[in-house]
Amino acid sequence: MDSAAPRSVSLLLLLLLLLLRAERPRGAELTFELPDNAKQCFHEEVEQGVKFSLDYQVITGGHYDVDCYVEDPLGNIIYRETKKQYDSFTYQAEVQGVYQFCFSNEFSTFSHKIVYFDFQVGDEPPILPDMGNKVTALTQMESACVTIHEALKTVIDSQTHYRLREAQDRARAEDLNSRVSYWSVGETIALFVVSFSQVLLLKSFFTEKRPLNRAVHS
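A brief report on the enclosed structure follows.

Procedures and definitions
Residues numbered from 1 in each chain as written. Predicted model: local features only at pLDDT ≥ 70, side-chain atom pairs only at ≥ 80, totals over all residues. Heavy atoms only, no water. Pairing = 2+ DSSP bridges. Helix = DSSP H or I, 4+ residues; strand = E, 2+ residues; numbered from the N terminus. Axes fitted to C-alpha atoms, helices over the stretch in contact; angles between N-to-C directions. Buried < 20%, exposed > 50% of the residue type's maximum accessible area, 1.4 Å probe, protein only.

## Focus: the sheet that holds strand 4 (residues 66-71)
Within the open sheet, the four strands sit side by side as 2-7-4-5. Their pairing is antiparallel. The sheet is open, and its two edges are formed by strand 2 (39-46) and strand 5 (77-84), each paired on a single side. Adjacent strand axes in the sheet meet at a mean angle of 10° when their direction is disregarded. Note: strand 4 against strand 5, five bridges, orientation antiparallel. Counted as the bridge partner of Glu71 is Ile77 from strand 5.

See below:
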């Protein structure tokens, strides 16, 4: 019982250290609306030799596709894909400056899109101080801290993935529900028209037609 309290304190301190040291690379994560016949561009300054990555996915709209390209500071296109639902791109900057990545929906005439992207610059900083310069083996606490941190990263990535899937599936379900509703209303109207026409047709069969007798008076 006496050793349980110090162990709990140690685990609590470990988690606090993990939360304080857990940092992500510099970048941006955004979900935005892309209207039809429109293009949206974003800019990020990247130093030479620094690696950056771009992950994107179309959540709703049309065929769930979008055009995407990345342009370096010199105006060279280093990445281009057309009508992609999702993709990932990693690149090490050869030139320092402002890199531009754009999403285009110009090929669509009426479908708005909801696009998610995650743009990260640089490598993740060490979770522990001087961890990158250590030549000795990590202690048990340091190893546990790194393991927990990696597990939390996996959880965050999984949550993002399932959140996007849930949003995409909900949009598809709502679109399918609206189509079924419109189809049901159309069928109801058609059934009413056909039923009314049949009633009129049957009524005409049983209606007695009396000829007009014209008396000829001499």
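## A closer look at the side chain of Asp118
Locating Asp118 in the fold gives a position in strand 8 (residues 113-121). Under the relative-accessibility criterion, Asp118 is labelled buried at 10%.

## Section: unusual backbone geometry
The backbone phi angle of Tyr64 is positive, close to 55°, even though this residue is not glycine. Counting through the fold element by element, Tyr64 comes out in the loop between strand 3 (51-60) and strand 4. Although it is not a glycine, Lys83 adopts a positive phi angle of roughly 50°. Within the element layout of this structure, Lys83 appears in strand 5. Lys83 sits in the exposed class, given a relative accessible area of 52%.

Interpretation note: all reported values are geometric properties and have no functional meaning in isolation.
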